[in-house]
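# Structure at a glance
Here's the letter readout for the chains.
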Amino acid sequence: MKKTGKKKLIIILLAVAACIGVSLRIIYVNKHARLPEYKVYARGQSIEEDGFSYTVEDATLYHMSDFEKVYNDGRRYMSGRTDDDLLILVVRIRLDVVGDTNTFNVPDNYLEAVDVLSMVDSDNFAVFNPSLADGTFRSGESLNYVFCLYKENYAAKDWKRIKELRMDYDIVYSGYPVRACLDVGAVSWYRASDAGKEQEGK
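What you are looking at is a predicted structure, and each value in this text was computed from that prediction instead of being measured. (Residues numbered from 1 in each chain as written. Predicted model: local features only at pLDDT ≥ 70, side-chain atom pairs only at ≥ 80, totals over all residues. Heavy atoms only, no water.)

## A short note on the pairing of strand 6 (residues 116-119)
Applicable threshold: Working definition: with a 1.4 Å probe on protein chains only, accessible area under 20% of the residue-type maximum means buried, over 50% means exposed, and in between means partly exposed. Put simply, DSSP marks the helices as runs of H or I at least four residues long and the strands as runs of E at least two long, and each gets a number from the N terminus on. Paired strands are those between which DSSP finds at least two bridges.
Burial of the side chains of strand 6 is restricted to one face: Val116 and Ser118 are buried, whereas none of Leu117 and Met119 on the reverse face is. With four bridges connecting them, strand 5 (residues 110-113) and strand 6 associate as antiparallel partners. Along strand 6, the bridge assignment pairs Tyr110 with Met119. Linking strand 5 back to strand 6 in an antiparallel pair, the connection comprises two residues, with Val114 at a positive phi of about 45 degrees.

Pasting the structure below:
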């Protein structure tokens, strides 16, 4: 009985010591970890990465039904979604070659607004930018970056800010050691009269 009691005591002491050790390590890392430098490039400024320069030109917010007409040949973009619970932000970004590369990879950037992250639609990137697929794209032309904004991901007050065009957005290009972002800047609602301009990137 005494041996069992001693074993339990030893196990408890070891568990307490392990917890203290882990806690001390967490405190140490939190005190000494290097936070990433935060750099935001305003609209009109360019960010360079992997031999390319990226510059935000404009940003347009779409109801899904309008987006489908402009970018998806009228086909359904996302089943189970409506104009009430899905808005689509299209950011036109000018791409310039600044290095000796000529290979552009499908982007994996994400859009940040409040604490919500939205990935670029990389699966359909070629659909929204056919000049990349057919080889007619030239340095200095624009690409359409498509981001889906889901109502359920935002607090009611933030969803209202999105619809009132009062939300701030950043496109994140790198996270560490420098967290580099492009500020999307002012966003406008899509109007049918803008159709020609919106298709320039296509």
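## Overview of the sheet that holds strand 6
Here is the rule we go by: Here the axes come from fitting lines to C-alpha atoms, over the contacting stretch only for helices, and the angles between their N-to-C directions go from 0 to 180 degrees.
With mixed pairing, five strands are arranged side by side in an open sheet as 1-9-8-5-6. Edge positions in the open sheet fall to strand 1 (37-41) and strand 6, since each of these has one partner strand only. Along the sheet, successive strands turn relative to each other by an average axial angle of 30 degrees, direction set aside.

## Some thoughts on a nonpolar patch on the surface
Operational definition: Within this analysis, patches are made of residues with over 30% relative accessible area and no salt bridge. Like charges are joined at 9 Å or less; nonpolar side chains (Val, Leu, Ile, Met, Phe, Trp, Tyr) at 5 Å or less. For the accessible areas, the method is Shrake-Rupley and the probe is 1.4 Å, while residue cover comes only from the protein chains on display. The salt bridge criterion pairs a side-chain nitrogen of Lys or Arg with a carboxyl oxygen of Asp or Glu, the two atoms within 4 Å.
Taken together, the side chains of Ile12, Val16, Ile20, Leu24 and Ile27 define a hydrophobic patch exposed on the protein surface, amounting to about 470 Å² of accessible area. Its location among the elements puts Leu24 in helix 1 (residues 2-32).

## Looking at helix 2 (residues 64-71)
Residues of helix 2 that are buried: Met64, Phe67, Glu68, Val70 and Tyr71. One or two residues past the end of helix 2 sits Asp73, with phi positive at roughly 50 degrees.

## Some words on the pattern of salt bridges
Applying the stated criterion across every chain, the model contains eleven salt bridges. Among the ionic pairs, Lys160 bridges to Glu164, the shortest N-O distance being 4.0 Å. According to the relative accessible area criterion, Glu164 is partly exposed, its value standing at 38%. As a salt-bridge pair, Glu164 and Arg166 come within 2.8 Å of each other at their nearest N and O atoms.

## Digging into the pairing of strand 4 (residues 86-97)
In terms of burial, strand 4 is a largely internal element, ten of the twelve residues being buried. Examined bridge by bridge, strand 3 (residues 52-63) and strand 4 share eleven bridges and lie antiparallel to one another. Looking across to strand 4, one finds that Phe52 is bridged to Val97. When strand 4 meets strand 7 (residues 142-150), the two strands line up antiparallel, connected through nine bridges. For Arg92, the partnering residue across the bridge sits in strand 7 and is Asn144.

Remember, this is a structural readout, not a statement about activity or role.
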